[in-house]
Amino acid sequence: MGRMGVTLAIIGAAATCAIAAHLVAKRVRQRANWSRALAIYHDFRDGCATPLHRLRQVVDAMVVEMHAGLALEGGSKLKMLLSYVDNLPTGEENGLFYALDLGGTNFRVLRVQLAGTEGRILQQEYEEVSIPQALMVGSNEELFDFIVAELASFITREGEGFHPLLGRQRELGFTFSFPVKQTSIDSGNLLKWTKGFAIKETVGKDVVEELQAAMGRHKLDMRVTALVNDTVGTLAGGRYWNEDVMVAVILGTGSNACYVERADAIPKWRGVLPKSGSTVINMEWGSFWSSHLPRTPVDDTLDADSLNPGDQVGFEKLISGMYLGDIVRRILLKMAEEAALFGNTVPSNLFIPFILRTPDVSAMHADESADLKEVTRVLRVVFKTQASLRVRKIVVDVCDTVAGRAARLVAAGVVGILKKIGRDTVGNIDMARLKNNLAGKGRKTVVAMDGGLYEHYPKFRTYLNDTAVELLGKEAAEQVAVELSKDGSGIGAALLAASHSQYSSD
Ligand code: BGC
């Protein structure tokens with residue numbers, strides 16, 4: 001070999017060494033990244049842990065806060081709002097009624113023809129319209145005008161058979177699913193917006209007056225006879241078909257619960273107690289707070305970056321459909337930034353808040369294919385990225401952690417309510433029934449559930465139901481039924497509009 005040949009051989013060997021060194025370094029880096037990713041995930045998972053003893057603390061805290069919120073105004077973060085619904089539907093409701101359901105990304109208008117105990121619901125028609133994002137953060141007048149314009153057009157297009165009786169106004173139940181301090185069954189002031197709505201000028205105003213004013217502007221002759229939260233609408237809609245419904249829970253964009261409470265168990269009640277002896281309490285459990293709640297730094301940043309920092313932090317931002325996807329996104333982003341989960345560059349879509357929706361989380365969580373096809377699809381479509389199988393597996397684990405925590409906390413919340421009304425053990429159910437004449441007559445206590453999270457997320461539902469059984473014990477759990485009450489809140493509002501009709505006494 002000549003001198004030239006020797007030189008080339010040395011250069012070649014050096015290059016091979018350099019490549020090998022580079023590969024080794026890369027592998028070392030990858031290993032370090034993977035360990036770091038696992039460490040981030042494990043930290044998060046530990047922070048989200050909901051062992052049974054912790055859930056029992058949450059149950060007890062819920063009961064304590066319920067008492068405190070009922071004792072006096074501002075007694076707890078749980079508002080325990082009076083609904084002024086002292087009677088629930090009986091089946092005797094009769095006539096043509098409307099409902100307007102505003103509370104999430106969509107709103108609905110609904111028309112029902114009620115025909116008493118025999119005919120029940122003769123006919124119902126509804127329309128759903130999505131609310132443009134800009135209106136959720138725009139002006140008060142624009143929002144109410146938009147809603148009323150849709151309502152007016154719904155009415156213009158209705159058939160001949162739908163005219164109100166001569167000389168009578170059309171009547172409407174207004175489901176307004178935000179915290180409202182009611183002053184009567186048909187009036188109430190907005191306490192704060194939630195779920196991505198933020199229109200400052202509405203806060204403190206009577207939302208029925210705002211709606212009626214918009215109706216005036218649109219020359220729509222209609223009267224709001226009942227203002228109800230969606231939980232209260234769901235309870236009323238559920239009770240119409242099943243007299244054992246005592247509790248209603250919404251697990252949708254937001255989350256909340258209401259239940260039937262004895263009026264004499266409400267120290268903050270002013271004035272004459274209702275004849276029925278009971279009333280419905282809108283808990284506004286989204287703002288429930290307890291130091292026993294399993295929280296992580298990711299939850300804190302999600303809250304800090306939200307439109308309503310400091311609000312709905314304890315419960316809603318851990319459990320509701322609006323936030324689950326974004327919790328998952330945030331933890332994946334952390335793993336991508338600190339541990340190159342998706343390679344050396346972080347996929348830019350991972351930075352976009354709320355880009356990952358809860359239905360995507362449900363789809364990935366449910367993926368049982370060997371190569372996690374659905375996870376591959378969601379990562380490609382939403383984040384415009386791809387990942388190895390082991391990364392896809394960790395993505396599923398993150399979904400499981402986030403949804404599992406949420407579902408188990410919801411179960412603890414429901415058991416807290418059952419405990420408060422004495423329906424959590426086998427022995428004390430009859431006693432509670434004797435004291436409460438709004439109470440159901442059957443053997444069971446029924447919890448009416450509505451919302452996409454319960455309806456369309458099978459693993460969430462299973463976690464929730466299993467945890468309720470764990471907490472209650474098998475025997476007591478047999479006396480409780482959780483039932484899907486699909487879209488009950490609109491019908492429920494129409495039923496309450498009927499029972500509070502201005503013409504009901506004639
Ligand atoms: C609101 C509640 C509502 C719940 C479910 C929450 O954000 O504060 O009033 O019932 O969402 O829609």
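For the structure given in this document, a descriptive report is provided here. (Residues numbered from 1 in each chain as written. Predicted model: local features only at pLDDT ≥ 70, side-chain atom pairs only at ≥ 80, totals over all residues. Heavy atoms only, no water.)

On to the site of the ligand. Taken together, 14 residues lie near the ligand, and Thr194, Asn229, Asp230, Glu284 and Glu316 sit nearest. In this structure, asparagine 229 approaches the ligand through a side-chain N or O atom, which is 2.8 Å from an oxygen atom. For the ligand, whose accessible area on its own is 310 Å², the fraction buried by protein is 98%. For the shell around the ligand, the class distribution of residues is three nonpolar, seven polar and four charged. (Near = heavy atom within 4 Å. Polar contact = N/O pair within 3.5 Å; in protein donor to acceptor, adjacent residues only side chain to side chain. Areas by Shrake-Rupley, 256 points an atom, 1.4 Å probe, with all protein chains shown as cover. Nonpolar A, V, L, I, M, F, W, Y, C, P; charged D, E, K, R; others polar.)

Two quantities define a packed helix pair, namely the angle between the helix axes and the distance between the axes. With their axes 8 Å apart at the nearest point, helix H2 (residues 52-71) and helix H13 (residues 389-420) run at an angle of 50 degrees to one another. Viewed along their axes, H2 and H13 adopt a mutual orientation that is oblique. Viewed along their axes, H2 and H13 form a crossing whose handedness is right-handed. Residue-level contacts link Leu52, Leu55, Val58, Val59, Asp60, Met62, Val63, Met66, His67 and Leu70 of H2 to Arg408, Leu409, Ala412, Gly413, Val415, Gly416, Ile417, Lys419 and Lys420 of H13. Of the residues that constitute the contact of H2 with H13, the class distribution is 12 nonpolar, three polar and four charged. (Axes fitted to C-alpha atoms, helices over the stretch in contact; angles between N-to-C directions. Helix = DSSP H or I, 4+ residues; strand = E, 2+ residues; numbered from the N terminus. Parallel < 35°, antiparallel > 145°, perpendicular 65-115°, else oblique. Left-handed = near helix turned anticlockwise from the far one by under 90°. Contact = heavy atoms within 4.5 Å.)

Residues Tyr259, Met283, Trp285, Leu332 and Phe460 are the most contacted members of the largest nonpolar core, which totals 119 residues. Looking at which element gives the most residues to this core, the answer is H13, with 18 residues. If we skip the residues at most four places from it in the chain, phenylalanine 460 touches Leu251, Ile319, Leu324, Ala403, Ala406, Ala407, Val410 and Leu453. Leu102, Phe162, Met215 and Leu220 belong to the second largest nonpolar core, which has 37 residues in total. (Core = buried A, V, L, I, M, F, W, Y, C linked by side-chain atoms within 4.5 Å. Buried < 20%, exposed > 50% of the residue type's maximum accessible area, 1.4 Å probe, protein only.)

So, on to helix H12 (residues 373-383). Of all the residues in H12, the buried ones are Val375, Val378, Leu379, Val382 and Phe383. Taken down its axis, H12 places every buried residue within 100 degrees of arc, on the same side. In H12, the exposed residues that point more than 90 degrees away from the buried face are Lys373 and Arg380. The inward-facing, buried residues of H12 contact helix H10 (321-339), helix H11 (358-365) and H13. Just beyond H12, the residue with positive phi is lysine 384, at close to 50 degrees. (Arc of directions from axis to C-beta.)

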